[in-house]
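What follows is each chain in one-letter form.
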Amino acid sequence: MDRINDNIQCSVDTCAYHAGAQDYCTLHTIKVGCCDPQPTSCDCTECASFKAKKGCGCR
C-alpha cells in the first residue's frame, strides 16, 4: 500500500487510493471537480482523482 496522507480524509473504500482500514487517501494531492457548471453546494462537487478498485463492482 502507498503511504497514507493524513491531510486527506476519505471514506470511499471503493477507491483504489483509499488507505484500507483507515479513512484516508494515499495520494499526495487530489483534484476536486464539479458536477455542475455553477456549484452552489457540496453535492455539486466530486473527487476528480477517484479511481475504482479492481473488482469493486463500481461503474
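For the structure, check the block above.
No experiment lies behind these values; they were computed from the predicted model shown. (Residues numbered from 1 in each chain as written. Predicted model: local features only at pLDDT ≥ 70, side-chain atom pairs only at ≥ 80, totals over all residues. Heavy atoms only, no water.)

Engineer: It is not clear to me how the overall build of the protein chain should be interpreted in this structure. Could you clarify?
Structural biologist: A count of helical and extended segments in the protein chain gives zero helices and four strands. When the helices and strands of the protein chain are read in sequence order from the N terminus, they spell out β-β-β-β. Based on the C-alpha atoms only, the size of the protein chain along its principal axes is roughly 35 × 30 × 15 Å. Side-chain charges of the protein chain comprise 6 positive and 7 negative groups, with the mean position of each set lying 11 Å from the other. (Helix = DSSP H or I, 4+ residues; strand = E, 2+ residues; numbered from the N terminus. Lys, Arg positive; Asp, Glu negative; His and termini not counted. Charge placed at Lys NZ, Arg CZ, Asp CG, Glu CD.)

Engineer: Help me out: how do you make sense of the environment of Lys 54 in this one?
Structural biologist: Residue placement: Lys 54 occurs in the segment after strand S4 (45-47). Between the alpha carbons of Lys 54 and Ala 16 there is a distance of 7.6 Å; along the sequence they are 38 residues apart.

Engineer: For this particular structure, what's the right way to read the layout of surface pockets?
Structural biologist: The rolling of a water-molecule-sized probe over the atoms marks out the regions of remaining empty space. Taken as a whole, the largest pocket encloses approximately 200 Å³ of empty space. Along the walls of the largest pocket sit 15 residues, with Cys 10, Val 12, Ile 30, Cys 47 and Phe 50 positioned nearest its centre. Within the residue set of the lining of the largest pocket, elements represented by two or more residues are strand S1 (5-9) and S4. (1 Å grid on protein atoms, 1.4 Å probe; cavity = no way out; pocket = protein on both sides within 12 Å on 5 of 7 lines; lining within 4 Å. Points joined across faces, edges and corners; volume = space filled by probe spheres on them.)

Engineer: Hey, could you run me through the side chain of Asn 5 in this one?
Structural biologist: Locating Asn 5 in the fold gives a position in strand S1. A distance of 2.9 Å separates a polar side-chain atom of Asn 5 from the backbone nitrogen of Asn 7. Not counting residues within four places of it along the chain, the set of residues in contact with Asn 5 comprises Tyr 24, Cys 25, Thr 26, Leu 27 and His 28. (Polar contact = N/O pair within 3.5 Å; in protein donor to acceptor, adjacent residues only side chain to side chain. Contact = heavy atoms within 4.5 Å.)

Engineer: Explain the environment of Tyr 24 here, please?
Structural biologist: Inspection of the secondary structure puts Tyr 24 in strand S2 (residues 24-25). The sequence separation of Tyr 24 and Asp 2 amounts to 22 residues, and the corresponding C-alpha distance is 11 Å. The residues touching Tyr 24, leaving out its near neighbours within four places in the chain, are Ile 4, Asn 5, Asp 6, Ile 8, Gln 9, Cys 10, Tyr 17, His 18 and Ala 19.

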